[in-house]
Amino acid sequence: MGHTKTTVSAQWLKDNLDNPQVKIIDCRFLLSESDWGYQQYNHSHIENAYYFHLNQDFSSPIQPHGGRHPLPDNQVFADKLAQIGIIQNQTTVVIYDSSRFAFSARLWWLLRYLGHNQVFVLDGGWQQWQQLNYPVTNITPTLSQGYFSPQAQQDWLVNIDYVKQALNSDSTVIIDARSGDRYRGEVEPIDPVAGSIPSAQNIFWQEMTTEEGKLKSVEELKAIWQPYQNYPEIIVYCGSGVTACVDILALKTINLCQCKLYSGGWSDWCSY
């Protein structure tokens, strides 16, 4: 299978490497070592791929509130997309990382949020590409001018006030995408306070993929999300609006499109 609603296969991307209508973005990253991904990119990356950095390109500077990875300014981000030749709703964008969609899903979400629907994550990511010995390089592709006018989809995003109002709503379920031990408040490796939003349920973002970094089948994903499928609204959060996007990518894959991102996440919630 070449692609789903949200992913493309390594074979599909290899067949389209020289397609001028396809742009590739590498967003490998480590939270513990912010330059690691760019160093890896400079050493070797998928042919024709550009690099986007979580902190510098698809987040904005940290403020007292708003979480550890605030969303970027819409126009600034759109300009970056245009600078690598992306034409809104014409260019097919394929994004990859090496972390089971942890960062590529955030970038996928951002493009969808700003009105670009032709965007996919690479199933299996960098590891799968390497295993298949598909073309890699250390050459950065030249920039080419595209066009991108951001059109924010307001129903994709919620803030802390919205979440507070939804806490006691029978029509909304709040999903915490962090690991079970962080959700339960047993450990907290990053934020100053441990715990989770009251009434939140827990579906760990890594449950969406296999150990090899491939999206699970539609049947498997439907089984995971079955308890929540009939809610008119699903709000998903994580620590800072990054890995929650993996849950949202899975939800969109199985047509549960009533999902919204609380982008500030626990790091915003516990800052008040």
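Criteria and thresholds
Residues numbered from 1 in each chain as written. Predicted model: local features only at pLDDT ≥ 70, side-chain atom pairs only at ≥ 80, totals over all residues. Heavy atoms only, no water. Salt bridge = Lys/Arg side-chain N within 4 Å of Asp/Glu carboxyl O. Buried < 20%, exposed > 50% of the residue type's maximum accessible area, 1.4 Å probe, protein only. Helix = DSSP H or I, 4+ residues; strand = E, 2+ residues; numbered from the N terminus. Contact = heavy atoms within 4.5 Å. Pairing = 2+ DSSP bridges.

(A) Region of interest: the pattern of salt bridges. Counted according to the given criterion, the structure contains 9 salt bridges. Across the salt bridge formed by D26 and R28, the nearest N and O atoms sit 2.7 Å from each other. The residue R182 makes a salt bridge to D191 at a minimum N-O spacing of 3.6 Å. Judged by its relative accessible area of 12%, R182 is buried. A single network of salt bridges, built from pairs that share partners, joins R68, D176, R178, R182, E188 and D191.

(B) Fine view of helix α9 (residues 244-253). Within α9, 10 of the 10 residues are buried, which leaves the element mostly enclosed by the surrounding structure. Where α9 is buried, its residues contact α4 (104-113), β6 (119-122), β9 (172-176), α8 (218-225), β11 (233-237) and β12 (259-262). Just past α9, the residue N255 takes up positive phi, approximately 65 degrees.

(C) Quick peek at the sheet that holds strand β10 (residues 201-202). Spatial ordering of the open sheet is given by β8-β12-β11-β9-β10, a layout of 5 strands whose pairing is parallel. The open sheet has two edge strands with one neighbour each: β8 (157-158) and β10.

(D) Just the sheet that holds strand β4 (residues 49-51), in detail. Ordered by their spatial adjacency, 5 strands build an open sheet running β1-β6-β5-β2-β4, and the pairing between neighbours is parallel. The sheet is open, and its two borders are formed by β1 (7-8) and β4, each paired with just one other strand. Across 5 bridges, strand β2 (residues 22-26) lies against strand β5 (residues 92-96) in parallel orientation. Within β5, the residue paired with K23 across the bridge is V93.

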